[in-house]
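# Fold and geometry: a report
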Amino acid sequence: KNQVEQSPQSLIILEGKNCTLQCNYTVSPFSNLRWYKQDTGRGPVSLTIMTFSENTKSNGRYTATLDADTKQSSLHITASQLSDSASYICALNSGAGSYQLTFGKGTKLSVIP
Amino acid sequence: NAGVTQTPKFQVLKTGQSMTLQCAQDMNHEYMSWYRQDPGMGLRLIHYSVGAGITDQGEVPNGYNVSRSTTEDFPLRLLSAAPSQTSVYFCASSYSSRVSTDTQYFGPGTRLTVL
């Protein structure tokens, strides 16, 4: 069964610090990997989309990396801000023409002053 | 553009009642989908559509119906609500049904409670 595991479940960091969130997957075949940010009570918002041939993609202070050999991805947040407090969700699309994304449970990040 | 809109924001139903969750997008997107999000679980696909008149089942379709008579609208119908359908429901859309790397835009969600 295709699975997406995220760690840690939750994380508290001080404003201005960096952090890294992890995503391990067993989805196969694999077309692309996505990271989303979900604020409390809102819908997910896309941060990055990487194909299996890409190993890094940035969106402002967010940088996603992908290691297809070890089936791991990470999302690095630089110089965190209070507005970064949210859940971060990893999702994989299993193949071209497939519309089914497999989502992880998310990491809940709290940035405190 | 309003993006993806959903109504209602909140709904309480009694077991056995039926209702329709509305979803609309004004971006001329081909692909639309419905997900449910439950505590401690990832988002799960209920139904999706690759264009007007075309729908298909996702991972958890039982108890739900959809139709797509226009490009803009994709309503989700609960036929006979059960407590197990208590969840937050998200509608999403993307421009193309043929490009798997298209960005998916999510609506704000409908929080449904079934008593």
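See the structure printed just above.
Within every chain, residues take consecutive numbers counted from 1 along the sequence as written. Chains carry letters and ligands carry numbers; both start at the beginning, A for chains and 1 for ligands, and go up in the order they are written. Side-chain atom pairs in this predicted model are given and counted only at pLDDT of 80 or more, local residue features only at pLDDT of at least 70, and totals for whole chains, interfaces and linings cover all residues. Values reported for side chains reflect all heavy atoms of the structure, with hydrogen atoms and water molecules removed beforehand.

## Points about the interface of chain A and chain B
Listed as interface residues are 22 residues of chain A and, on the opposing side, 23 residues of chain B. Note on definitions: buried area is the accessible-area loss of two parts on being combined, 1.4 Å probe, summed for both. The contact between chain A and chain B buries some 1,700 Å² in all, and 55% of this surface belongs to carbon and sulfur atoms. For salt bridges, the criterion is a side-chain nitrogen of Lys or Arg within 4 Å of an Asp or Glu carboxyl oxygen. Where chain A touches chain B, the interface holds 0 salt bridges. Here a polar contact means two N or O atoms within 3.5 Å. Within protein one must be a hydrogen donor candidate and the other an acceptor candidate, and residues neighboring in sequence count only if both atoms are side-chain atoms. In this assembly, chain A and chain B are joined by 2 residue pairs in polar contact (both at pLDDT 80 or more). Going along the chain from the N terminus, every DSSP run of H or I of four or more residues is numbered as a helix, and every run of E of two or more is numbered as a strand. Counting only elements with at least two residues in the side of chain A that touches chain B, the list comes to strand 4 (32-38), strand 5 (45-51), strand 9 (86-93) and strand 10 (101-103) of chain A. Broken down by element, the residue count for the side of chain A that touches chain B peaks at 4 residues, all from strand 4 of chain A. Residue polarity follows a fixed list, in which Ala, Val, Leu, Ile, Met, Phe, Trp, Tyr, Cys and Pro are nonpolar, Asp, Glu, Lys and Arg are charged, and the others, Gly among them, are polar. A class-by-class count of the residues in the side of chain A that touches chain B yields 8 nonpolar, 11 polar and 3 charged. What makes two residues a contact is simply this: any of their non-hydrogen atoms within 4.5 Å.

## Concerning the state of the cysteines
Note on terminology: disulfide denotes any pair of cysteine sulfur atoms within 2.5 Å. For the structure shown, the criterion picks out 2 disulfides over all chains. Note that A:Cys23 is cross-linked by a disulfide to A:Cys90, the S-S spacing being 2.1 Å. Judged by the torsion about the S-S bond (-65 degrees), the A:Cys23/A:Cys90 disulfide is left-handed. Placement of A:Cys23 in strand 3 (residues 19-25) and of A:Cys90 in strand 9 is noted, with a sequence separation of 67 residues between them. A:Cys90 matches A:Cys23 in its accessibility class, with the two residues each being buried. With a sulfur-sulfur separation of 1.9 Å, B:Cys23 is cross-linked through a disulfide to B:Cys91. Taking the sign of the S-S torsion, -70 degrees for the link of B:Cys23 and B:Cys91, the bridge is left-handed. Here B:Cys23 is found in strand 3 (residues 19-25), whereas its partner B:Cys91 is found in strand 9 (residues 87-94), with 68 residues between them in sequence. Residues B:Cys23 and B:Cys91 agree in their burial class; the two are buried. The thiol sulfur of A:Cys19 is not disulfide-bonded, and the nearest other cysteine sulfur, from A:Cys23, lies at 15 Å. Residue class for A:Cys19 comes out buried when judged on its relative accessible area of 6%. When a residue's accessible area, from a 1.4 Å probe over protein chains only, is under 20% of the maximum for its type it is buried; when over 50% it is exposed; and in between it is partly exposed.

## Re the nonpolar core
Throughout, nonpolar core names a set of buried Ala, Val, Leu, Ile, Met, Phe, Trp, Tyr and Cys residues whose side chains join them through atoms within 4.5 Å. Grouped together as the largest cluster of nonpolar side chains are 23 residues, with contacts concentrated most on A:Tyr25, A:Leu33, A:Trp35, A:Leu75, A:Tyr88 and A:Leu92. Of all the secondary structure elements, the ones that give two or more residues to this core are strand 3, strand 4, strand 5, strand 7 (62-67), strand 8 (72-77), strand 9 and strand 11 (107-112) of chain A. Discounting chain neighbours no more than four positions away, the residues touching A:Leu92 are A:Val4, A:Tyr25, A:Val27, A:Phe30, A:Asn32, A:Leu33, A:Gln100, A:Leu101 and A:Thr102. By size, the runner-up hydrophobic cluster in this structure holds 20 residues, among which are B:Trp34, B:Val60, B:Val66 and B:Tyr89.

## Side note on the sheet that holds strand 1 (residues 4-7) of chain A
Residues and elements named next belong to chain A. Taken in spatial order, the 5 strands of this open sheet run 1-3-8-7-6, and their pairing is antiparallel. Looking at which strands have only one partner, the edges of the open sheet turn out to be strand 1 and strand 6 (56-59). When strand polarity is set aside, the average angle formed by the axes of neighbouring strands in this sheet is 15 degrees. Bridge count between strand 6 and strand 7: 4 bridges; the pairing is antiparallel. Residue Thr56 lies in a different strand from strand 7, and its bridge partner there is Thr65. For two strands to count as paired, DSSP must find a minimum of two bridges between them. To obtain an axis, a line is fitted to C-alpha atoms, over the contacting stretch when the element is a helix, and the angle between two such axes runs from 0 to 180 degrees between their N-to-C directions.

## So, the side chain of A:Ser46
You can see A:Ser46 is positioned in strand 5. Not counting residues within four places of it along the chain, the set of residues in contact with A:Ser46 comprises A:Trp35, A:Tyr36, B:Thr103 and B:Gln104.

## Focus on the layout of surface pockets
Both site types are read off a 1 Å grid over the protein atoms alone. A 1.4 Å probe that fits but cannot get out defines a cavity, while an open set with protein on both sides within 12 Å along at least five of seven lines defines a pocket; lining residues have an atom within 4 Å of a point. Grid points are joined across faces, edges and corners, and a volume is the space filled by probe spheres set on the points. The computed volume of the largest pocket comes to approximately 1,300 Å³. Lining the largest pocket are 47 residues, and of these A:Lys105, B:Gln37, B:Asp38, B:Met41 and B:Gly42 sit closest to its centre. Every element with two or more residues in the lining of the largest pocket is listed here: strand 1, strand 9, strand 10 and strand 11 of chain A together with strand 9 and strand 11 (110-114) of chain B. Per element, the largest residue contribution to the lining of the largest pocket is 4 residues, and it comes from strand 11 of chain A. Here the residues of the lining of the largest pocket sort into 14 nonpolar, 22 polar and 11 charged.

Geometry only, nothing functional implied.
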